[in-house]
Structure formats: C-alpha cells, structure tokens
Amino acid sequence: MEVRPILSALLRNRAGAILVAVQIAITLAIVVNAVFLTQQRVEKIGRPTGIDDQNIFSFNSTGFEKGFDFHAMVREDLALMRRMPGVIDVTPMSHIPLSGSGSSSGFYSLPDKKGKNEPANIYRTDDHAVHALGVTLASGKTFEPDTVEYVSKESQGWPPTAVITQDLADALFPKENALGKVFYDDQSKPIKIVGVMSHMHGSWVGWDKVGQVILAPRVGPGPSTSYMVRTAPGELDRLMKDTEIALRARDPNRVLNNFKKMSDDKRKSYGGDSLVAITLSVVTGLVLIFSSLGIFGLATFNVNTRTRQIGTRRAVGARKRDIVRHFMTENWFVTSFGVVTGCALALGVGYWLSNQFGLPRLDLYYLVGGVLGLWIVGQLAAWQPSLKAAKVSPAMATRSV
Amino acid sequence: MFAYYLRLALSSFRRNPGLTALMVFAIALGISVCMITLTSFRAASQNPAGDRAGILFAPSIDSWDPNDGYDSPQTDADTGRPVAPTMLTYRDARALYASNIPDRKVIMYKAGGIFSRNDKGMEPEYISTRMTTADFFAMFDVPFLYGGPWDAKADAGPDPVVVLSKESNQKAFGGANSIGKTIMWHDREFRVVGVLNDFEPVPKYFDVSNGSFNDMEGAYIPFSWGQVLELGSDGNTNCWKTETIESYLDFLNSECIFFHGWFELRTAGQQLAFREMLDNYVTEQKKHGRFPRPLNNYLYDVKGWMKRNKVVDDDNKAMVIMAFAFLAVCLVNTVGLLLAKFLNAAPASGVRRALGASRRDIFWQHLTESGVVALAGGLVGGLLGMAGIWAMRAWYGQFIDQVPRILPFDSMTFVIVVSIAVCAGVIAGLYPAWRIGRAAPASYLKVQ
C-alpha cells in the first residue's frame, strides 16, 4: 500500500486532520483517567462488608422518663423480638456499622502501650452479635452469654474478652494465630480474643482501617441503644413495621426512632463514591459518542470536498476497495497521531490527578485499552464515509462538482 | 448588517439541520455538565457568613499528642507548620470565652435528647440540640419568627430557656407562637423564648466538624445546661491522652475535644490582641504541664476555616475539572463541525465575495453563525443543567452527605453559563470563520 499519496493528501487538509487528532487526544486523556477512577470507586463500593447487609434493619430506643429501667428494657425488647417469626436474630449495638457514626480507639499488642498499636472500630453488643450480623467466624467462638456485662456507668474499662476481625488480628499479631491471645487498651487492661471473624466492615467506609473491628460483650448504661435485627430473606419490610408496633405496645414510654435498612445506610455511605462513578461513566459515554460523531462528520466532509480527486483516482484505475482503504488508512494515521499525543496527555493528567488529590497512579493497562478502543472507534466512524467515497463514479473526474 | 447575518445563519441551519443540531447539542451537554458540577462546587465553597466572614474567627489550639500531631502529616498551607485540632477542650473553650477582647463570643457543642410536653400535646421525640451561648444568634445572623435570643444572664443561671427551630415548633406547638410556653427536655421544663425562621447556612460553617452539610439542630439551649445535666457530645469527640476518667467532671477536664468557639473581632487590633492572648494562654498552661507540643495556634476567619476543614472535598474539585475537560472536547468537536459546514458552503461565500463582500464581511457573517449556534447551545445547556440540578436536589441532596443538601439555583448562574457558552462558541468559530473568509473566491467560482 502506497503511503506517500495518502500522507500528501492528508497534508493538504491539515486543519480537519489536526482537529480530529486533538479531539482524539483529549478524549483519550479523559476517558482513560475517568475509567480508571470509576473502576476504583466501583471496586470500593463492591467490597464485601462481611455482614448480611441486605437482610438487616436497625433502630434506636431511648427512655426519657424518671426511673426508667434501661437494662430491663433491653432484656424484654430482645426477648420479644427474638420470638417474632421471621426474625433470625437481634442484638443491641452501641453503633451501627456502615452508618458513618461510630467509635474507635487504639489498642496495643503488649501492655504499657508497647508492641503494635492499631486503631479499631468498637461495638459494644451481646452474645448474639455474630449471628445477628451474619458475619462468619474464622476461628474460636462468640461470647458465652454469662460474659455479657450490663453496666450502669459508662466508663468501667474494657470487658475482659472480645471478638475481633481477622484484619485486626493480623495487624496486632502478624503471622501468628491470634485466637486466645491477649491485647491491651491504652490503660493496659488485658482483653482476651475468644473469636476471630473472617471480615466485618466498621462504621466509616472511607477509612482504610474499616476492617479492623472489635465486638465487646457489654450493654448499657443507656438510656439509649440501637438494635440490629436480622430477618429471613424477604421479611425485612414487614418486620420493620411489625417490630415498631410490637415494641410500642410493650412499652409506650420511650422513643423509638431511626428505623432504617442497613442497605440504605450502605448506599448512603457510598453515596459520594457512586455519585463520582456515575458522573464519570456518563461523561465517558458522552465523550465517546461526541468524538465518534465528530470524526464521522469530518470524514464525511472530507469525502464531500474530494469527490473530484476520488473520481480521478477511479478513472485512472483505482478499485472501490482502494478508495476505502485510502480513506481508512488516512483516518488511521490521524487517529494514531491523536492517540500518541493523547497518551502523553493522559499520563500528564493522571500524574497531576494523583499528585493533586492523592489518588493512585494511572494503571498503564487502561492506557493500552484506551488506545485500542480509540483506534476502533476512529475506524468505525470513518467506515461509512469511506464507503460513500468508494461510490463516487469515475465519471466525476470529468465533471465539475 | 447583523440582522442580515442572522438571517443567513438561520437559513444555513435549515440547510443542515442534523449537523446544526449536533453542534447545539454538543455545546449544550458540555455546558450543562459544567453547570451542575459548578453549582455543587459553588454551594460547597460559597461564603455563608456574608459580610461577617471577615470578622468571625475560630481559634485552633494545638492541644494534641506530642508524638502524633492532629491530622498528621497535614500542614498548614500558609505557615507550613503542622495543623492543630479543629475543636476545643472544655477548659480551653471556657478560658477563651472569658476573654474581653471580642465584641461577641460563643462556645458551643452538639447534644441531643428527648423533647416532650407535660400535657402530652406532642409525641416525645429525639431532637438534636445545640448547647450554645447567647451571642450565637447575633453572631451568625439567625432570623427569628417569634421572640428572640436569650440574654447573657440566662447563660450564667443557667436559666431553663430554649429557642426552637421552625420545624421543632411545628412538631411541638403546631407552628403557633409558643413564646412563654414550656417544653420538657431531659425531664426538665424549659421556657420557649424564641422560634427561628428558616435558618440553614450552606455550608454549616460554624460546626463543620459534625458535617458541613448536616441538618441544623432542632433546638438551642444555654451552654451550661450541658454541665448541669452532664451531657456528652452528640457529635464528634476526639481524645488522644490516657487519662483516668471516672466522672463527668474528669471527662470535662480531660484533653478530649468536642467544643467549638467563635469570636467576633472587628478590628485588626482586636485580632492581634486575640492571637497574642491565645499564645500567652498556651504558654501559661504549659507551666502547668499541659500542651506538650510546640506553640502552634491558629486564628481562622470563615474562609480560612472552611479551607482548613476541607469543606470542598477533592471529589468535588475533580468533577469540576472533568466537566471542563468534557466541555473542551465538545468545543473541539464543534470547531471541526463548523469548519466542515463553512467549507461546504464555501461556493456561496465565493459568490458573495465576487459580488463585492469583503473578507471581513464573510468573517463576521460566519462568526455570527457560530454565535447563534453557541447561544442556542447555551440556552439548551442551561435548561438541561437546571433539570440536572433539580434532579440532584431531589435525589442526591437528601442522600449524599458530601453534596450540599441545598443546591442554590440562581438566575445569575444561568446567565454566567450561557455567557460561557456564547464566548466558547464564538472562540470555536474564530478559526473556521477566518479560514472561510480567507479562501479565494475565484477557486470556488471556477468549479461552480
């Protein structure tokens, strides 16, 4: 295939070619980075929470009258709810995982603030927590019922046992089996690990330590607690209503509020991430559509203004196939020029984004994908105009336009 | 002449409706995406304090861990020093509140509790409450529907007084003027002295530690009731120090931070004096074994405070950049299409040139055409953007904490956006218009 005539034809229509190339370059820079950023968000949102988050709802119960017996309220509420058909299990919880509201503290692998120091999400709950959250135990077991403390004052140090996540176990005791080991709070109170959960998300999904969680066997002092209710699949909506009615009937003198599905909390916590992902996907799609329409438009124009030239080539023996190949090759040159410029631009934008916003560096696979994709888009957009060019009859050479 | 060019432009659109629509649509989409992201960005970065922004100051005292600074390794953009905590300990809040330098001053924190009525006139309800001091209402320009703020004497009491939000007053008293009526909170009777009108500064600049776009509190109660009733914080509480905390008093005297302080300092002299006071206070406290870190205090105005607290998050900025990059693609596209369109119609220009039109006439004619395309694109884009903002408000606003709940929409934004579109469109048309103006008429006439 003779490249020289194609190039010289191209050079005579510089403006259009440059515009297509510029457009492809910017498109590549946007699309590659946007897809990369979107992919990270999608991965973040899709991480398993370790919790049966589709079948759990939570709510809050607060006593307000004088002489209100918080512990009796919790015990009676739990007994009532655990008997309700469709309820798999219920647990009182100091905070709600995935909700954005929680509590965390630092813990040590050795006493006197020595050894490894790791932060963790803390949930004070009872012996039903593991079952009610639907988390799986990697080793050990959950609390014995008689180890759950119902306390009347907030600050009484830590309960002597805990169930923790594998993430926290690995962070505190790397390369060791953490089960049965003891770790310490900042007052050097020893806490024994009785169970290790495979994984559980804490309260803040944006935190890089979201998987470091401690369940502590303690309820109280009140007068307010959250409950987490795990239901059989499909029973959640019904039980959200029934639970409220049943608990109101049992004791009207408290406030029940904040009934919400865990799936909604999850969606809300990832709301910013999904907004970014959706916006970027829409922009990516639109950029691709407009770029291909632009290439198509310019290619069509290119063919229209060169009918005489095409006719001449046909008259001197070029086959239809040659004409198509000519325009497709021309387009490929232009696209490639754009793509090469675009690679530099994409890398620049990626570098700048990662510097400015502390994002990970652009993965080169995305760049390769973007280049291949744009080559295909460019060729597809030029296909129809090239066919149109091939239809120009050789007689065009002798005719004026 | 301009009217004639307009007519020419319109007839040109009729000749190529598909191409024209594509250009209009390209500009419109680019513009609407910019408009939506810009509105969100502006809402987050706007100055909610109006002309008070320069006289309201929030101090930041480095009370933190000697080994591990607050928000480490973040440093202050202006001074390059490590940043300091964004909230105050109880002791420090009280000490700063005692200063006579400011014209007005407020210390506060977020608490909550069940409100009810003695006469069972309302369902008991959990309402988040701001524990604050009397100047709060004047300092932050809070509008009242009924009554007014409590006076400073009520702070000292503390008197059992409450200011309700419009919404809480609706729940408790059906929206009636409730001044002088009482409402129960934490099992005590509080007298309503004021009911707020709509009050929702975006961002919620006076308490960004508990969410810059969070809901306003439903009730306001004198600060000291927090200590009388031994209330902890309903918002963020951060502690670093190992301390034996066995009572509420221990907790108050700990290094835990959950208080906010704002000070109205009208003159440069006051501001300087306040800064000196901060440093002197910390130096004095160091003698008592507090503040183990080097002297590192800040006094932020509203703008500086929002920057320090990163009210505009990085996602928001990145989206604006993405939107403008998208607009750039749309514009390059439009340049190409305009060029194609103009060159296609070149023979007609050739005829006009031959009949005596100058290059400049041809240039202006085509630039007018670009301008009309851009204006159409801008108007369509503006409408699309409005629809997008409306959708964000309806859907995401109540759903996503990172996006302001209230996206302000004003006609100014619309005008700005349409102007951007027209400017961009005219700039996009410059090269094609120049190119067609430059083409020699003879070459077109020859083949005609």
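As a reminder, the structure under discussion sits directly above these lines.
Residues numbered from 1 in each chain as written. Chains lettered and ligands numbered in written order. Predicted model: local features only at pLDDT ≥ 70, side-chain atom pairs only at ≥ 80, totals over all residues. Heavy atoms only, no water.

Caption draft 1: A look at the interface of chain B and chain A. On the chain A side, the residues contacting the 50 residues of chain B number 47 residues. Roughly 4100 Å² of surface becomes buried between chain B and chain A when both sides are summed, with 71% attributable to carbon and sulfur atoms. Taken together, the links from chain B to chain A amount to one salt bridge. Ionic pairing is found between A:Arg41 and B:Asp315, a salt bridge with its closest N-O pair at 2.7 Å. The tally of links from chain B across to chain A stands at two residue pairs in polar contact (both at pLDDT 80 or more). (Contact = heavy atoms within 4.5 Å. Buried area = accessible area lost by both parts, 1.4 Å probe. Salt bridge = Lys/Arg side-chain N within 4 Å of Asp/Glu carboxyl O. Polar contact = N/O pair within 3.5 Å; in protein donor to acceptor, adjacent residues only side chain to side chain.)

Caption draft 2: Main features of the state of the cysteines. All names here are of chain B. Within the structure shown, the criterion is met by one disulfide over all chains. Each sulfur in the disulfide pair Cys 239 and Cys 256 lies 2.1 Å from the other. Between Cys 239 and Cys 256 the sulfur-sulfur dihedral comes to about 110 degrees; the bridge is accordingly right-handed. Linking Cys 239 in the loop between α7 (225–228) and α8 (248–252) with Cys 256 in the loop between α8 and β9 (260–264), this pair joins segments that are 17 residues apart in sequence. With a relative accessible area of 42%, Cys 239 lands in the partly exposed category. Between Cys 34, a cysteine without a disulfide, and Cys 330, which holds the nearest cysteine sulfur, the sulfur-to-sulfur distance is 8.4 Å. For Cys 34, a relative accessible area of 4% puts it in the buried group. (Disulfide = S-S within 2.5 Å. Helix = DSSP H or I, 4+ residues; strand = E, 2+ residues; numbered from the N terminus. Buried < 20%, exposed > 50% of the residue type's maximum accessible area, 1.4 Å probe, protein only.)

Caption draft 3: Just unusual backbone geometry, in detail. In this structure, B:Pro158 follows B:Gly157 across a cis peptide bond, with omega equal to -10 degrees. Structurally, B:Pro158 is set in the loop between α5 (152–156) and β5 (161–164). Geometrically, the link from B:Val202 to B:Pro203 is a cis peptide bond, its omega value of -10 degrees lying close to zero. The residue B:Pro203 is located in the loop between β7 (188–196) and β8 (219–222) in this model. Of note, the phi angle at A:Asp112 is positive, near 55 degrees, even though the residue is not glycine. By secondary structure assignment, the location of A:Asp112 is in the loop between β3 (104–110) and β4 (114–125). Accessibility expressed as a relative area gives 53% for A:Asp112, which makes it exposed. One non-glycine residue, B:Lys310, adopts positive backbone phi at about 50 degrees.

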